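Remarks on the overall topology
Okay, here's what each chain looks like letter by letter:
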Amino acid sequence: MKLSNAAAPDAAAPDAAGPFARPEVEALQAYSAPLEGRRGLLRLDFNENTVGPSPQVVAAIRALPADHYAIYPEYAGLREALLANLAAGGLERPLQPAQVGLFNGVDAAIHALFHAYGDRGDTLLTTSPTFGYYSPCAQMQGMAIEAIPYRLPDFRFPFEEIRAALSAEARPGGGPPRLLLICNPNNPTGTRLSPQLILELAAAAPHTLVVVDELYEAFTGDSVLPLADFEATPNLVVLRSLAKTAGLAGLRIGFAIGAAPVIDRIGRVTGPYDINSFAVTAAHAALADQPYVDAYVAEVCAARDWLVAQLQAAGVRHHVAGGNYLLLWPERPAEEVERRLREAGILVRSMAGKLLLDGSLRVSIGTTDQMRQFWQAWQEVQP
Ligand SMILES: Cc1ncc(COP(=O)(O)O)c(C=O)c1O
């Protein structure tokens, strides 16, 4: 059989670069983040947990017998464990295990959502700036991207614009968006949108899958889950992760919660063993130790208040809303401040090139001691 690729400029000529991929993939740049060489430094650059997971997680992983490494992972009981954790947290409406999808991190859930739902020519509706992985996922499917900027004062959510863009009339001949991605609170602006308004959007757009990325919900309590009725609103999907609050970012485990048929469709485009046994073991232990997570979240919120008080007293331009992060506008060029903080052993993230945020730094919040360390270094590099 002769293989060819119609999109390749000269498909007949063999090339040292090997056969061409799909046109969408050829046009894509790999999504990369500066994740190397960070160990041993104060990590305020990826909104991670800065102290590590519950000791119960560590004990559970250590207790895994070596012969279990040779066995494919088992997922039985993990969906139920998440539901028990949510119910203990006050979620009154009972959810079924079939309404929970398990993924190798929320990144993998996002990828699967696009893979299952995003077709060539479909539209992704989202906001800008927002979490950086939505766009490449849309691009790899050949989707059009409509990203509404956070132009309102204080980076408020552009609700009216999103509502208008959800209607089919917004794109004559094109139909409604296939996917709406709402990061709530938004990374990196911290923008919060009330769960009632999210439900309003979902109810008004039954042909659009409305995905609410709640990675940082623990820091605001704004979850749409207590209000969500997935039978009545089957076009709503909520994403949750144990990466940031429970401290399992390196193990990779995330959840998608929604109507059972939707979760089933998303699950069809994942591999059978995508989540490894260490992540499963860690997730069980982390979900069973909610007091540890609650204490960490409370500590981060206290540290955020402490830092904001210093910023206000010193007159540093900043923006703080939801999430375990805030934005700072240094007097000196952001890249220079980022580099000098790194020399002082502290990692933060420059927002250079991000719409509306050029010149700012995103600083993750850790413990109060860590933020004291940050504030000391900031004052030294920002005289
Ligand atoms: C908004 C948002 N969604 C998803 C992710 C990825 O989460 P996970 O580590 O569970 O893949 C991140 C990570 O930074 C994020 O900020």
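Below or above, wherever it landed, is the structure these notes cover. Here the structure is a predicted model, which means the values were calculated and not measured.

Taking burial as the measure, the 6 residues of strand β3 (residues 123-128) include 6 buried ones, the bulk of the element. Note: β3 against strand β4 (residues 144-149), 6 bridges, orientation parallel. Residue pairing in the sheet places Leu-124 in a bridge with Ile-145 of β4. Summarising the sheet, β3 and strand β5 (residues 179-183) pair through 2 bridges and their orientation is parallel. Opposite Leu-124, over in β5, you have Leu-179 as the bridge partner.

A few words on the site of the ligand. Neighbouring residues of the ligand: 14 residues in total, closest Gly-105, Val-106, Asp-107, Ser-241 and Ala-243. Broken down by class, the residue content of the shell around the ligand amounts to 7 nonpolar, 5 polar and 2 charged.

Let us look at the sheet that holds strand β7 (residues 236-241). The strand order across the open sheet formed by 7 strands is β2-β8-β7-β6-β5-β3-β4, and the pairing between neighbours is mixed. In this open sheet, the two edge strands, each paired with only one partner strand, are β2 (100-103) and β4. Adjacent strand axes in the sheet meet at a mean angle of 20 degrees, parallel and antiparallel pairs treated alike. Docked against the sheet, helix α7 (residues 195-204) engages β5, β6 (209-213) and β7, running at close to 160 degrees with respect to β6.

This brings us to the sheet that holds strand β10 (residues 325-328). Sheet strands pair by backbone hydrogen bonding; their relative direction is either parallel or antiparallel. Taken in spatial order, the 4 strands line up as β9-β10-β13-β12 in an open sheet, and their pairing is antiparallel. The strands lining the two open edges of the sheet, one partner per strand, are β9 (318-319) and β12 (349-350). One ladder, built from 2 bridges, connects β9 with β10; its direction is antiparallel. The partner of His-318 across the bridge, within β10, is Leu-328.

Quick notes on the rules
Residues numbered from 1 in each chain as written. Predicted model: local features only at pLDDT ≥ 70, side-chain atom pairs only at ≥ 80, totals over all residues. Buried ≥ 20, exposed ≤ 12 C-beta atoms within 10 Å, placed from the backbone. Helix = DSSP H or I, 4+ residues; strand = E, 2+ residues; numbered from the N terminus. Pairing = 2+ DSSP bridges. Near = placed C-beta within 6 Å. Nonpolar A, V, L, I, M, F, W, Y, C, P; charged D, E, K, R; others polar. Axes fitted to C-alpha atoms, helices over the stretch in contact; angles between N-to-C directions. Contact = placed C-beta atoms within 7 Å.

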